[in-house]
Amino acid sequence: MSEAKSSGAEAKSSGVGASNNRVEAKRTSSRADAISLEAVSKVYGKGRGAVAALREVTVRLPKGGFTAVMGPSGSGKSTFLHCAAGLDTPTAGTVRLGGTELSGLSERKLTELRRERAGFVFQAFNLVPALTVEQNITLPLRLAGRRADLGRLAELIHRVGLGERIEHRPGQLSGGQQQRVAIARALISDPEVLFADEPTGALDTLTAREVLTLLRQTVDELGQTIVMVTHDPVAAAYADEVLFLADGRIADTMYAPTAAAVADRMIHLGAWNR
Ligand SMILES: Nc1ncnc2c1ncn2[C@@H]1O[C@H](COP(=O)(O)OP(=O)(O)OP(=O)(O)O)[C@@H](O)[C@H]1O
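Residues numbered from 1 in each chain as written. Predicted model: local features only at pLDDT ≥ 70, side-chain atom pairs only at ≥ 80, totals over all residues.

- The protein has the name Putative ABC transport system ATP-binding protein in an unreviewed UniProt entry, where Kitasatospora viridis is given as its organism.

**Examining the site of the ligand**
Next up, step 1: In the vicinity of the ligand, the contacting residues are Tyr44, Gly45, Val51, Ala53, Gly71, Ser73, Gly74, Ser75, Gly76, Lys77, Ser78 and Thr79.
Next up, step 2: Listed by contribution, the elements that provide at least two residues to the shell around the ligand are strand E2 (51-62) and helix H3 (77-84).
Next up, step 3: By residue number, the principal contributor to the shell around the ligand is H3, which donates three residues.
Next up, step 4: A class-by-class count of the residues in the shell around the ligand yields three nonpolar, eight polar and one charged. (Near = placed C-beta within 6 Å. Helix = DSSP H or I, 4+ residues; strand = E, 2+ residues; numbered from the N terminus. Nonpolar A, V, L, I, M, F, W, Y, C, P; charged D, E, K, R; others polar.)

**Digging into the UniProt feature "domain: ABC transporter" (unreviewed entry) in the protein**
Next up, step 1: Taking the numbering used here, the UniProt-annotated feature "domain: ABC transporter" (unreviewed entry) corresponds to residues 35-272.
Next up, step 2: Here residues 35-272 is 36% helix and 26% strand, with 30 Å between the C-alpha atoms at its ends. (UniProt positions renumbered as here; feature names shortened; annotations may be inferred.)

**Some thoughts on the nonpolar core**
Next up, step 1: In terms of nonpolar packing, the biggest core is built from 66 residues, with Val69, Ala84, Ala184, Phe195, Val227 and Val242 touching the most fellow members.
Next up, step 2: In contact with Val69, other than residues within four places in its own chain, are Lys77, Phe80, Leu81, Val227, Met228, Val229, Leu243 and Leu245. (Core = buried A, V, L, I, M, F, W, Y, C linked by C-beta atoms within 7 Å. Buried ≥ 20, exposed ≤ 12 C-beta atoms within 10 Å, placed from the backbone. Contact = placed C-beta atoms within 7 Å.)

**A few points about the pairing of strand E3 (residues 66-70)**
Next up, step 1: In terms of residue burial, E3 counts as a mostly covered element, since five of its five residues are buried.
Next up, step 2: Where burial is concerned, the two faces of E3 agree: the one with Phe66, Ala68 and Met70 and the one with Thr67 and Val69 are both buried.
Next up, step 3: Relative to strand E9 (residues 241-246), E3 runs parallel, the two sharing four bridges. Across the sheet, Ala68 pairs through a bridge with Val242, a residue of E9. (Pairing = 2+ DSSP bridges.)

**Remarks on unusual backbone geometry**
Next up, step 1: Non-glycine residue Glu198 carries a positive phi angle of around 50°.
Next up, step 2: In this fold, Glu198 is placed in the loop between strand E7 (193-197) and helix H8 (205-222).
Next up, step 3: A count of 20 C-beta atoms within 10 Å places Glu198 in the buried class.

Here it is in structure tokens:
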């Protein structure tokens, strides 16, 4: 993130009142939604042992937006991401990905939708050790029985800065390089949404910033939509919008976040009390 964005965002940092006004404006906005959740609840288990991980969450995420999801441990962030991405099924409510309602889909259709319309980046990179960088990046296409668009492949390899490394295997790369391969792999099928679960959780500060800058560039230059779960206020400050979850509900929304404002909000949510 540039200093200019950082200081500009500081000035625009929203209090709860300001953010509510913006939420109001967004509800009437005509921008198409990449994802929408309506009254989504998720309960794990049954009876007295049941845990409500999400409680009637309603939110719309615009196409081309970068949304960070934050909240105390156990607040429902992973469950939110998994339900939004069709990796988990809500107990109640409706999830739409680009207008397609997920609840009506068979497991086979859901798998197809995830493969063709969503990209995933995880904390642990999840690359295949025996495959080269290029083979890892094109793996989702091969699994779908499709050929790589060579122009897109070259553009992505250049974008993630791994032009010299395409024949290398993950074990020969640094953590940051591996995560950049994972990002290229997630983008190769031109997904409607890139879902990232703690993408910088295993990286040192400097490498994390490079990865976050790369994610930010895909939003600014390719119009990519990103939803990213993170514990890190600095990472959240790369997003356009931060959703704060607390006890399975959206407790607040912040636009043009700064690390300081996000950290402050997290302190008020009691995120770091223990
Ligand atoms: N498979 C499961 N079975 C039972 N309870 C679960 C399951 N998955 C999550 N939970 C519970 O649901 C709640 C929300 O969990 P979730 O993992 O979504 O939170 P989180 O905000 O991502 O947490 P963290 O920051 O610690 O990763 C927690 O109380 C958790 O224990």
